[in-house]
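Each chain, written out:
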Amino acid sequence: MKKNFIFLFFIFLKVFSYSDTIQLPDGSIYEGQIKEGKFNGFGFQKWDNDYYYEGEFVNGVYEGEGKLKTSTYYYEGNFSKGAFEGYGKIKYSNNIEYEGEFCKNLYEGKGKLSDDKGNVYVGNFKSNFYQGEGNLKYSNGDEYYGNFENGYCEGNGIYVFNSGDKYVGEFKNGNFDGNGIIINKDGKEKKVLFKNGQIVKTKGIIRNIKLQDIYFVLLIFSILLNIILITKKEKS
């Protein structure tokens, strides 16, 4: 019975291929361009609950620039084969917002994410996770610059506390882990060794860290350059 209904529905589309308004089996209404019995070109699909898609179609599928509103999010940007692809913006009902690059509905590439706790991340993404170089500003005023892996601070980075103190060194799974330097807001420095976020060894006052200074200045410069490029893309 269902197959017969679908068959008759497509016959209906074929016969009325010059019409620009069609009631669909799911209860939604389509208004727009139709070619060879399929939605092709610009169209508007609306459901009774005020959910809608407005944008480009190719052979009945979202393709190109469009806007999609559902019960959980509002998306505006590019589509490919019905999925978010390329550059876009999405805002969820819980106030999480993302703006940047997508691949098959996932955050992929450069982007900016504001979460529901007030934290803001700007940098690279891979399959929805922070990946590569980025900058994470926490809601409490703390800030991290450096490398991420699978959403966690990983490798070399700089963590600046809201007090003005900072840690410059190695991270693992989001924790201070490995060799680093603690610099207080008065400029006093000491070498430390961390394990899972805990200091296991203090190596004393540092008198000459010029090479490390240069390395981390270059790291910050690289991250800030990425942030500037993302910000310019958002404004354009």
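The rules behind these values
Residues numbered from 1 in each chain as written. Predicted model: local features only at pLDDT ≥ 70, side-chain atom pairs only at ≥ 80, totals over all residues. Heavy atoms only, no water. Helix = DSSP H or I, 4+ residues; strand = E, 2+ residues; numbered from the N terminus. Buried < 20%, exposed > 50% of the residue type's maximum accessible area, 1.4 Å probe, protein only. Contact = heavy atoms within 4.5 Å. Areas by Shrake-Rupley, 256 points an atom, 1.4 Å probe, with all protein chains shown as cover. Phe/Tyr/Trp six-rings, centres within 6.5 Å; stacked < 30°, edge-to-face > 60°. Salt bridge = Lys/Arg side-chain N within 4 Å of Asp/Glu carboxyl O. Polar contact = N/O pair within 3.5 Å; in protein donor to acceptor, adjacent residues only side chain to side chain. pLDDT = per-residue confidence, 0-100. Lys, Arg positive; Asp, Glu negative; His and termini not counted. Pairing = 2+ DSSP bridges.

Draft legend 1. Summary view of the overall build of the chain. Helices and strands together make up the secondary structure of the chain, namely two helices and 17 strands. Among the 236 residues that make up the chain, the fraction classed as buried is 34%. Long-range pairs, those at least 24 residues apart, make up 10% of the contacts in the chain with a sequence separation of at least 6. When the accessible surface of the chain is split by element, carbon and sulfur atoms take 54% of a total near 14400 Å².

Draft legend 2. Molecular detail of unusual backbone geometry. For Glu36, which is not glycine, the phi dihedral falls at a positive 55°. Positionally, Glu36 belongs in the loop between strand 2 (29-35) and strand 3 (38-46). A relative accessible area of 63% places Glu36 in the exposed class. For Asn196, which is not glycine, the phi torsion reads 55° and is therefore positive. As for its placement among the helices and strands, Asn196 is situated in the loop between strand 16 (189-195) and strand 17 (198-205). Asn196 gets classed as exposed once you look at its relative accessible area, which sits at 51%.

Draft legend 3. Inspection of the packing of aromatic side chains at higher detail. Evaluation of the coordinates by the stated rule reveals 37 aromatic pairs. Here Tyr75 and Phe102 contribute two aromatic rings whose centre-to-centre distance is 5.4 Å and whose plane-to-plane angle is 90°, an arrangement assigned as edge-to-face. Of the two residues, Tyr75 is situated in strand 6 (residues 73-80) and Phe102 in strand 8 (residues 97-103); the sequence distance between them amounts to 27 residues. Overall, the relative accessible area of 4% leaves Phe102 in the buried class.

Draft legend 4. Spotlight on the pattern of salt bridges. With the rule as written, the count across this model stands at five salt bridges. The partner of Lys46 in a salt bridge is Asp50, with the nearest N and O atoms 3.5 Å apart. Among the salt bridges present, the one from Lys89 reaches Glu99, with a minimum N-O distance of 3.9 Å. Residue Lys89 is located in strand 7 (residues 83-92), and its partner Glu99 is located in strand 8; the two are separated by ten residues in the primary sequence. Residue classification places Glu99 among the buried positions, given a relative accessible area of 16%.

Draft legend 5. Quick look at the environment of Asn105. Note that Asn105 resides in the loop between strand 8 and strand 9 (106-114). Accessibility expressed as a relative area gives 40% for Asn105, which makes it partly exposed. Through-space distance from the C-alpha of Asn105 to that of Glu85 is 6.5 Å; in sequence the pair is 20 residues apart. Among residues more than four places away in sequence, those in contact with Asn105 are Ala83 and Phe84. Polar contacts involving the side chain of Asn105 include one to the main-chain amide nitrogen of Phe84, which spans 2.8 Å.

Draft legend 6. Structural view of the confidence of the model for the chain. Taken residue by residue, the chain gives an average pLDDT of 86. The fraction at 70 or more is 78%. Here residues 206-212 is modelled with pLDDT under 50, and outside its nearest four sequence neighbours on either side it reaches seven contacts, counting other chains as well.

Draft legend 7. Representation of the side chain of Asp142 in the model. Relative to the helices and strands, Asp142 resides in the loop between strand 11 (129-137) and strand 12 (143-149). Nearest to the buried, unbridged Asp142 among oppositely charged side chains is Lys185, at 12 Å. Within the local environment of Asp142, its side chain forms a polar contact with the backbone nitrogen of Asn162, the two atoms lying 2.8 Å apart. Leave out the neighbours within four places in its chain, and Asp142 touches Leu136, Lys137, Tyr159, Val160, Phe161 and Asn162.

Draft legend 8. Seen up close, the pairing of strand 10 (residues 120-126). Counting buried positions along strand 10 gives five out of seven residues, so the element sits mostly inside the fold. Bridging between strand 9 and strand 10 involves six bridges; their strand directions are antiparallel. Considered in strand 10, the bridge of Lys110 is made with Asn124. Taking the residues between adjacent antiparallel strands as the criterion, strand 9 and strand 10 are bridged by five residues, where Gly118 takes a positive phi near 95°. Where strand 10 and strand 11 come together, six bridges link them in antiparallel fashion. Each residue of the ladder has a partner; that of Lys126, found in strand 11, is Phe129. With antiparallel pairing between neighbouring strands as the criterion, strand 10 and strand 11 make up a hairpin whose turn holds two residues, including Ser127 at a positive phi of roughly 50°.

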